[in-house]
Amino acid sequence: MQSMIRPLAVSFASLAMAITIVRGALAAEMVGTVIERSLVFAAAYAVVGGLTGWLLDTQIRSSVQGEFEQRVMWYREGMARWIATVHPEISPKKSELLAKAQLSKSQLSKSQGTLSQQPANASTPDGQPVGNTP
């Protein structure tokens, strides 16, 4: 996810500069005065846009992170319940550890690509084929 600081700063500065130039043209002000005023307003609104972008960026990131953590917790609890029902001999603590290990494997596979993206002749160190084999 890209930062929203720079785009909002540029947008606010450009808008402020354009409004100042149009206002100066409509009021038939001197060009030097209009340019000077438009640069001052552009700088001021660039700062305002940068602060606004920073606030939006931090709020969106914290919201997305909170939702992700809730989903991970839901997944872990579901895996622990599933493991406890399928393998009742495993203690609840072990099933939680297994759920965390399963989650780590799924996160790893998402970050490194799926098994089907590996070469057709990929194999484990002991010679067993990896991936979808016919």
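No experiment lies behind these values; they were computed from the predicted model shown.

Visitor: Where do I start with a nonpolar patch on the surface in this structure?
Guide: On the surface, a nonpolar cluster with roughly 290 Å² of combined accessible area is contributed by Val31, Ile35 and Leu39. Within the secondary structure layout, leucine 39 lies in helix 2 (residues 31-86).

Visitor: When you look at the packing of helix 1 (residues 5-26) against helix 2 in this model, what are you seeing that I'm missing?
Guide: When two helices pack together, you describe them by how their axes are tilted relative to each other and by the distance separating the axes. It is at 6 Å that the axes of helix 1 and helix 2 come closest, and there the two elements cross at 150 degrees. Between helix 1 and helix 2, the interaxial angle falls into the category roughly antiparallel. Once helix 1 is placed against helix 2, the crossing between them reads as right-handed. Here the contact of helix 1 with helix 2 is composed, by residue class, of 17 nonpolar, seven polar and two charged.

Visitor: What is the right way to read unusual backbone geometry from this model?
Guide: Negative phi characterises most residues that are not glycine, and trans characterises most peptide bonds. The phi torsion at alanine 28 lies on the positive side, around 55 degrees, for a residue other than glycine. By secondary structure assignment, the location of alanine 28 is in the loop between helix 1 and helix 2. The class for alanine 28 is exposed, based on a relative accessible area of 67%.

About the thresholds
Residues numbered from 1 in each chain as written. Predicted model: local features only at pLDDT ≥ 70, side-chain atom pairs only at ≥ 80, totals over all residues. Heavy atoms only, no water. Patch = residues over 30% accessible without salt bridge, like charges linked within 9 Å, V, L, I, M, F, W, Y side chains within 5 Å. Areas by Shrake-Rupley, 256 points an atom, 1.4 Å probe, with all protein chains shown as cover. Salt bridge = Lys/Arg side-chain N within 4 Å of Asp/Glu carboxyl O. Helix = DSSP H or I, 4+ residues; strand = E, 2+ residues; numbered from the N terminus. Axes fitted to C-alpha atoms, helices over the stretch in contact; angles between N-to-C directions. Parallel < 35°, antiparallel > 145°, perpendicular 65-115°, else oblique. Left-handed = near helix turned anticlockwise from the far one by under 90°. Nonpolar A, V, L, I, M, F, W, Y, C, P; charged D, E, K, R; others polar. Buried < 20%, exposed > 50% of the residue type's maximum accessible area, 1.4 Å probe, protein only.

Honestly, that's just the spatial picture; any functional story needs more than this.
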